[in-house]
Each structure stands twice: as C-alpha cells, then as structure tokens.
Amino acid sequence: MAASEVDVFANEEKRNLELGGHVGFDSLPDQLVSKSVAQGFCFNILCVGETGIGKSTLMNTLFNTTFENEEASHYEHEVQLRPQTYDLQESNVNLKLTIVHTVGFGDQINKEESYKPILEYIDAQFESYLEEELKIKRSLFNYHDTRIHICLYFIAPNGHSLKSIDLVTMKKLDSKVNIIPVIAKADTVSKSELDKLKIKVMSELVSNGVQIYQFPTENEAVAEINSSMNTHLPFAVVGSIEDVKVGNKMVKARLYPWGSVQVENENHCDFVKLREMLLRVNMEDLREQTHARHYELYRRCKLEEMGFKDTGPDSQSFSCRQTLGSLPPPTGLECSSELPVCQK
C-alpha cells in the first residue's frame, strides 16, 4: 500500500454506529477486573528519612500489621538500601508489597552524596525491567516488578524549614520517582507551628523547583477529593500500632501523660488523608505514572544512548531492522551508571 493511501486512511474520520442489539463487549471491564485480581498486584514504597524518624512505624500503621525490620544504628558509614518484600491479602486481592528503607540516611558527617545510593537503586530497578523487555523470550506477565512507585520523604519536625540534604535529595529524585513529602512525628509540635512548617516546606519546594507528586484531577470521580488533598501537602503524620482505650473504643494512638494522640483522628494528624490518597484512591495512578513517565524517561535515555532513533534527518521513520543494522555488534545489556541528563 502506498504512503499516500495510508495517510488517507489515517485522516479518515471515525464513524459512530448504533448497534441493533446486545453484542457483549460491555463485559470488557469485568474481564479486566477478573484478570487483574487473578494475577495480583505489586506496589513498591521507598521510605527516605533519617534514622529514628518513624519510617517503620508508619509502614506498620499504614498496612495494619507488623513488618519484620532490623533496627538501624546511627553509625552507618554510608547509606544502604534495604528492600523487603511481603505477600499481603485483603478480601480476594493479593498484593506483593516491597518496602525499601534507606538505612543510615543523614547519619554521615559529609552528607553531600547521601542521595547517590538511592538514585542508583532506582535506576537499577529500571534497568532490570528494561533488560526483561529487551529479551527475545521475555515474561513480563509474571515478572516481579521492583520499580519504585512512590517515595515517602520524611521531614523532621524539629526545624522551621527543610534541611539542605532534603532539598538536594528531593531535587535529584523528582524525575525518577513520585514523591510525597510527609512531616514525621507531627505530635511533637503544636498545631500553629505545624501549619507554619507546612507553608514553609511547600514554599521552599516551589522556589527550588522540586516537583512533588500531585494527586490527579482529570478523573471526575476523584477530582474533588484529590484537588482538596493537594492543598494539604505535606501530610503531617503520626504512626502507632498500640491500641489505646479512648472512651468506650480501642483506637490506634500514642499515649502521653497529658492525653492521647489518635492516629485516625483527622483533628490530630493527617494519617487518614495519607492512607486514603496512597492506598485507596491513587495507588493505580502511582503505578501508571511510574511506568508512563519515570520509566519511560529512563528507557528513552538508555535507548538513545544505545543508538536507537525514531526518525532520521528527513523525518522518515526508521525500521527496527535498519536501526539494528547500523549498530555495532552487541556486547550485552550492561549499561554504564552515568546516564545523559534528559529534560522532563
């Protein structure tokens, strides 16, 4: 078929037709749901924050369980990433959850390169997925996807603004992963100080060009709640797996001599907002953003580095055969850690 004929078909307007009766493709959403439930889901959380800030406690509270986690000391010579994977089930839905802790983050005297091991870990997960994609016999259907879907960045409440390490790390990570900043241990500061800290944090993120994850507002079903929640960032959270009796109810709370801080009381902290946004409303969007935005950027840079092109100088499409024929003999899929900087 000539190129001109292809253009004619491409530009032809699609026609809407009325069906004379029930055909059956309206069951497609149900088919997709059944297939997805049978296959299960994966979700990977990266927790970045200094030692003892409450990362493990918040994870336990979010998923209402106790994860195995080795307590870290303040004497790590370098930042290490410690991933742990768990199989969780709720109703008939299976979730393969991976929680990655940044052990030793912020503990070194020289913190200039604290972000590098985190970047290398994120890139390594992208690299593994790309290698699987490029295999002749690939099995993405049952591939354990370890790409990071969300980075919860824990901000210490004992200051009036972000630390330099916070700004540098988030700026380096924002093109690699979805970032949601959270103010940890929010019960250690007063309500008025917390409000001021929230405003200051958002102001510094904007002025330094740090792109954090914004809850999507394109879908009418969640536009209102997501738009409202975007104004509450960063979330001020408190974590606890301790059951405390308040009135006639047993609730998750932190008990103090002067009273209790209830984790699920929205007047006390933003834990419920974080759980709602992270797990109940936007989990699938976080997974999609990771694949369509962050991984796609990495993949594009890597393939360009390998010599692949979409079009030639005359804007004509390249075939895969032509592109591969012009490449030097393959030496494997090992790629250097130094990637070209791509604009978002």
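All of these numbers come straight from a predicted model, not from anything done at the bench. (Residues numbered from 1 in each chain as written. Predicted model: local features only at pLDDT ≥ 70, side-chain atom pairs only at ≥ 80, totals over all residues. Heavy atoms only, no water.)

Draft legend 1. Region of the structure containing the pattern of salt bridges. Considering all chains together, one arrives at 18 salt bridges under this definition. A salt bridge links D270 to K273; the shortest N-O distance between them is 3.6 Å. One exposure class covers both D270 and K273, and it is buried. The shortest N-O distance in the salt bridge between R287 and E284 comes to 2.9 Å. Taken as a pair, R287 and E284 lie in helix α9 (residues 283–305) at a separation of three residues, close to a single helical turn. (Salt bridge = Lys/Arg side-chain N within 4 Å of Asp/Glu carboxyl O. Buried < 20%, exposed > 50% of the residue type's maximum accessible area, 1.4 Å probe, protein only. Helix = DSSP H or I, 4+ residues; strand = E, 2+ residues; numbered from the N terminus.)

Draft legend 2. Focus on unusual backbone geometry. For the peptide bond that leads from L233 to P234, omega is -5 degrees, which places it in the cis range. Tracing the sequence through the fold places P234 in the loop between α7 (220–230) and β6 (235–236). Even without being glycine, N64 reaches a positive phi, approximately 55 degrees. The residue N64 is located in the loop between α3 (55–62) and β2 (80–90) in this model. Residue N64 is classed as exposed on the basis of its relative accessible area of 60%. At S91, a position not held by glycine, the phi torsion is positive, near 55 degrees. Note that S91 resides in the loop between β2 and β3 (93–103). Taking the relative accessible area as the measure of exposure, S91 reaches 69% and is therefore exposed.

Draft legend 3. Just empty space enclosed by the protein, in detail. Scanning the entire structure with this criterion turns up two cavities of 30 Å³ or more. Empty space within the largest cavity amounts to approximately 50 Å³. Of all the elements in the fold, those that place two or more residues in the lining of the largest cavity are α3, β2 and β3. Ranked by residue count, the leading element in the lining of the largest cavity is α3, at three residues. Its residues assigned to classes, the lining of the largest cavity comprises four nonpolar, five polar and one charged. Its boundaries defined by the atoms lining it, the second largest cavity holds a volume of some 30 Å³. Around the second largest cavity, the lining residues are D174, V177, N178, I179, Q211, I212, Y213, R293 and H294. Here the residues of the lining of the second largest cavity sort into four nonpolar, three polar and two charged. (1 Å grid on protein atoms, 1.4 Å probe; cavity = no way out; pocket = protein on both sides within 12 Å on 5 of 7 lines; lining within 4 Å. Points joined across faces, edges and corners; volume = space filled by probe spheres on them. Nonpolar A, V, L, I, M, F, W, Y, C, P; charged D, E, K, R; others polar.)

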